[in-house]
Amino acid sequence: MARIVAGIGTSHVPAIGAAMDNGLTDSDYWAPLFKGYGPAREWMRKTQPDVAIIIYNDHASAFSLEFIPTFAIGVADTFQPADEGYGPRDVPVVVGHPALAWHLAENLILNEFDMTIVNNLAVDHGLTVPLSIMFDQPDVWPCRVIPVCVNVIQYPPPTGKRCYDLGRAIARIVASFDEDLTVVVFGTGGMSHQLQGERAGVINQPFDIDFLDRLVSDPIGLTERPHVDYIREAGSEGIELVMWLAMRGALGESVRQVYRHYHVPASNTAAGLTVLEPV
Ligand code: DHB
Ligand code: FE
């Protein structure tokens, strides 16, 4: 049987990937952030999951604004890094797990989560930066990956509650997959940040810390937070945090926080990382 062994919440700031790709991680600006990633990478080396289900948002890279699925799942054998305007990142190709991905697609849809099935998906910084954060710079990514996309860039995104319920459904379906696999679930994006408009540069550390705390102790309470609260308190792109609730939903009632790291700034974003294990 497949089994979810952990959840990871992490920001996916493109500049973090660029710092790694350009050898800048020891610079004065980046060193404190990357130092904080060390223990999480060590945990990952020990955990060695077979599969990572990565819940992330595409930033108009694979899906243009002409075509915006609320929830989508990648079922391909492989996923190429997307060209986001400055050439694709020089990172390994992402290898999928089509059998588990189709098992998820089938059972999610038949249980009333109407996923868009994607056979050809270029993966942008929303997915590749979290891989870099957790696995550093290997020649091949050490696990298979199932991309699950959530629309958070075009109003209206799904609610936090709907994302949490999607995570719960993913957990049930993973547990019914008849192969011995260990699975980690990523929720990416956040933390507080706003990239545009008059409030560009918004950072709200108390909001972020409270979110990290309640992800452990009060996830159901967090599912009741309306979108407008995220946008007011955490900036327009803070809404990406609903994807962390999908990750949390996949872990069951109680979790143990194995590791946390929080650092400001990473580009114009507050960067957070949490590693949770079900108990
Ligand atoms: C930036 C982009 C993102 O998608 C994000 O989540 C955080 C920061 C950026 O362009 O700086
Ligand atoms: Fe983003």
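Residues numbered from 1 in each chain as written. Chains lettered and ligands numbered in written order. Predicted model: local features only at pLDDT ≥ 70, side-chain atom pairs only at ≥ 80, totals over all residues. Heavy atoms only, no water.

Description of the coordination of the iron ion (ligand 2)
And step 1. Within the protein, the atoms that donate to the iron ion (ligand 2) are His12 (NE2), His59 (NE2) and Glu240 (OE), at distances of 2.0 to 2.2 Å.
And step 2. If you list the donors of the iron ion (ligand 2) from N- to C-terminus, the spacing comes out as H-x46-H-x180-E. Taken together, the residues span a long stretch of sequence, with His12 in the loop between β1 (2-10) and α1 (14-21) and His59 in the loop between β2 (51-56) and β3 (71-74) at a distance of 47 residues.
And step 3. On the basis of relative accessibility, which here comes to 3%, the residue His12 falls in the buried class. (Donors = N, O, S within 2.8 Å, 3.2 Å for Na, K, Ca; no water. Helix = DSSP H or I, 4+ residues; strand = E, 2+ residues; numbered from the N terminus. Buried < 20%, exposed > 50% of the residue type's maximum accessible area, 1.4 Å probe, protein only.)

Structural notes on the sheet that holds β3
Either a parallel or an antiparallel arrangement is found when strands of a sheet pair, and the pairing is made through backbone hydrogen bonds.
And step 1. Spatial ordering of the open sheet is given by β6-β3-β7-β2-β8-β1-β10-β9, a layout of eight strands whose pairing is mixed. Each end of this open sheet is capped by a strand with a single partner; those strands are β6 (116-118) and β9 (255-266). In this sheet, neighbouring strand axes are inclined to one another by 20° on average, regardless of whether the strands run parallel or antiparallel.
And step 2. Pairing between β2 and strand β8 (residues 181-188): five bridges, direction parallel. Pairing of Ile53 across the sheet is with Val185, part of β8. (Pairing = 2+ DSSP bridges. Axes fitted to C-alpha atoms, helices over the stretch in contact; angles between N-to-C directions.)

Concerning unusual backbone geometry
It is generally the case that most residues other than glycine have a negative phi and that most peptide bonds are trans.
And step 1. Residues Gly190 and Met191 are joined by a peptide bond in cis, for which omega reads -15°.
And step 2. Checked against the element boundaries, Met191 lands in the loop between β8 and α6 (205-217).
And step 3. For the bond running from Val264 to Pro265, omega is 0°, close enough to zero to count as cis.
And step 4. With respect to the secondary-structure elements, Pro265 resides in strand β9.
And step 5. One non-glycine residue, Gln48, lies in positive phi territory at about 45°.

A look at the nonpolar core
And step 1. Ranked by internal contacts, the top residues of the largest apolar core, which has 52 residues, are Ile53, Ile55, Leu104, Leu108, Ile146, Val183 and Phe211.
And step 2. Among the elements that take part in this core, helix α5 (residues 160-175) stands out by supplying seven residues, more than any other.
And step 3. Non-local contacts of Ile53, meaning those with residues more than four positions away in its chain, are made with Leu104, Ile146, Val148, Ile170, Val174, Val183, Val184, Val185 and Phe186.
And step 4. Of all hydrophobic cores here, the second largest spans 43 residues; its members include Leu33, Phe79, Val94 and Cys149. (Core = buried A, V, L, I, M, F, W, Y, C linked by side-chain atoms within 4.5 Å. Contact = heavy atoms within 4.5 Å.)

Looking at the site of ligand 1
And step 1. Around ligand 1, the neighbouring residues are His12, Val13, Pro14, His59, His125, His193, Leu195, Glu240, Ser267, Asn268 and Thr269.
And step 2. Note that an oxygen atom of ligand 1 is positioned 2.9 Å from one of the side-chain N or O atoms of His12.
And step 3. Within the contact set of ligand 1, an oxygen atom lies 3.2 Å away from a side-chain nitrogen or oxygen of His193.
And step 4. Partitioned by chemical class, the residues of the shell around ligand 1 number three nonpolar, seven polar and one charged. (Near = heavy atom within 4 Å. Polar contact = N/O pair within 3.5 Å; in protein donor to acceptor, adjacent residues only side chain to side chain. Nonpolar A, V, L, I, M, F, W, Y, C, P; charged D, E, K, R; others polar.)

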